[in-house]
Amino acid sequence: MKRSARSGRILHSKRDVSACRPMHLTHHLVDGLPSMRRTAVLEKFRALLAGAKQRGVRTVAYVLMGNHLHWMIVPESREALRNATCYVFRGFAKWFNSLLG
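None of these values were measured; they are calculated from a predicted model. (Residues numbered from 1 in each chain as written. Predicted model: local features only at pLDDT ≥ 70, side-chain atom pairs only at ≥ 80, totals over all residues. Heavy atoms only, no water.)

Draft legend 1. Region of interest: the packing of aromatic side chains. If you walk through the whole model with that rule in mind, you get 7 aromatic pairs. Ring centres of Phe45 and Trp71 lie 6.3 Å apart, and the angle between their planes is 75°; this geometry places the pair in the edge-to-face category. Placement of Phe45 in helix α1 (residues 39-54) and of Trp71 in strand β5 (residues 68-75) is noted, with a sequence separation of 26 residues between them. Each member of the pair, Phe45 as well as Trp71, is classed as buried. Site record: aromatic cluster; members linked through ring pairs are Phe45, Tyr62, Trp71, Phe89, Phe92, Trp95 and Phe96. Lying over the aromatic face of Tyr87, Arg55 brings its terminal NZ or CZ to 3.7 Å of the ring centre. (Phe/Tyr/Trp six-rings, centres within 6.5 Å; stacked < 30°, edge-to-face > 60°. Helix = DSSP H or I, 4+ residues; strand = E, 2+ residues; numbered from the N terminus. Buried < 20%, exposed > 50% of the residue type's maximum accessible area, 1.4 Å probe, protein only. Lys NZ or Arg CZ within 6 Å of the ring centre and 35° of its normal.)

Here you go:
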């Protein structure tokens, strides 16, 4: 993987999406934020996972760490992957930001 000169973000090659092949996703918080290892955070993440299931992504496993999370999923399709990850990560970021004020 290489970084984009314009944005500094990591560019990924196209992912092979298969309904029988799990994928590992991670999401990192910005440095300096409080730990995600709280009951309220876990409850919100679980609620978002239910929404991801409705969007065609089955959760195999997940781990909430202090400053990042790991999420193992099996998407039904590329579209389901896009819809569910946007729903979960965007919803989680908005909720976590509102929690911090």
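There's plenty left to go through after this.
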